[in-house]
Amino acid sequence: MSRIASAVTAIRIRDAVAAVDDPEYPGISIVDLGLLESIDIGPDGDITIGLIPTFSGCPALAMIADEVHAAVSAVNELDANRVEVRWLNTPAWTVDRISKTGRDTMAQEFTLAVRNKLEPVACPRCGDETTEDSLFGSSRCRAIHLCPSCAEVIEVMRSGA
Ligand SMILES: [Zn+2]
């Protein structure tokens with residue numbers, strides 16, 4: 001494959017991967033969630049997609065890999081047998097990988113905020129600072145916050161570590 005052909009193919013592959021939504025958050029692309037790390041096209045046309053899991057043990061990982069494999073294989077003239085989807089161990093996924101588009105959709109559609117380090121979490125509805133609700137604070141990756149201004153209940157996604 002020529003250099004230009006592989007650059008064009010890489011763009012088409014990226015678009016195909018971007019069309020795959022996170023199963024937990026329909027409408028949010030896995031690319032906006034920061035799962036796509038690499039697209040490698042070998043000299044003989046073998047394609048390897050490197051993905052980063054958001055949280056280890058996420059039951060949706062196999063489903064996501066299957067959907068990415070199908071989407072990439074559907075890019076014209078690609079042989080499904082030469083497309084491989086790999087989950088990478090490094091770099092670690094952090095909430096910093098979520099795009100602005102991803103954050104906006106999370107806030108609007110799911111009342112889901114993203115927490116960077118120990119910064120306060122702004123309410124997706126009104127922008128005021130929220131407080132963590134210790135009663136319902138759920139998993140290691142998710143917490144429930146309450147907004148004192150508009151009484152909104154907000155799910156907060158944070159980095160796993
Ligand atoms: Zn609010």
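The preceding data block contains the structure.
Figured I'd write up the structure that's included with this text. Sequence positions are assigned chain by chain, starting from 1 and proceeding in written order. The predicted nature of this model means local features are confined to residues of pLDDT at least 70 and side-chain atom pairs, given and counted, to a pLDDT of 80 or more, with totals for whole chains, interfaces and linings taken over all residues. With hydrogens and water excluded, all non-hydrogen atoms of the structure serve as input to the side-chain values.

1. Topic: the sheet that holds strand 5 (residues 83–87)
Line of reasoning, step 1. The pairing criterion is simple: DSSP has to find at least two bridges between the two strands. Helix and strand assignments follow DSSP, with helices taken as H or I runs no shorter than four residues and strands as E runs no shorter than two, numbered in order from the N terminus. The strand order across the open sheet formed by 3 strands is 3-4-5, and the pairing between neighbours is mixed. On the outer flanks of this sheet lie strand 3 (36–41) and strand 5, each paired with one strand and no other. Taken pair by pair, the neighbouring strands of this sheet meet at an average axis angle of 15°, ignoring direction.
Line of reasoning, step 2. Sheet analysis places strand 3 next to strand 4 (residues 47–51), joined by 5 bridges and oriented antiparallel. By the bridge assignment for strand 4, Asp-40 is matched with Thr-48.
Line of reasoning, step 3. Throughout, a residue-residue contact means that at least one pair of heavy atoms, one from each residue, lies within 4.5 Å. To get an axis, a line is fitted to the C-alpha atoms, and for a helix only the part in contact is used. The angle between two axes follows their N-to-C directions and goes from 0 to 180 degrees. Each of strand 3 and strand 4 touches helix 1 (residues 3–18); the most contacted strand, strand 3, lies at about 145° to it.
Line of reasoning, step 4. Packed onto the sheet, helix 2 (residues 61–73) meets strand 4 and strand 5 and runs at close to 150° relative to strand 5.

2. Comments concerning helix 3 (residues 100–110)
Every α-helix carries 3.6 residues per turn, so stepping three or four residues along brings you back to the same face.
Line of reasoning, step 1. Buried residues are those whose accessible area, probed at 1.4 Å on protein chains only, stays under 20% of the maximum for their type, while exposed residues exceed 50% and partly exposed ones sit between those limits. Among the residues making up helix 3, those that are buried are Gly-102, Thr-105, Met-106 and Ala-107.
Line of reasoning, step 2. Looking one or two residues past helix 3, Thr-111 carries a phi angle of roughly 50°, positive in sign.

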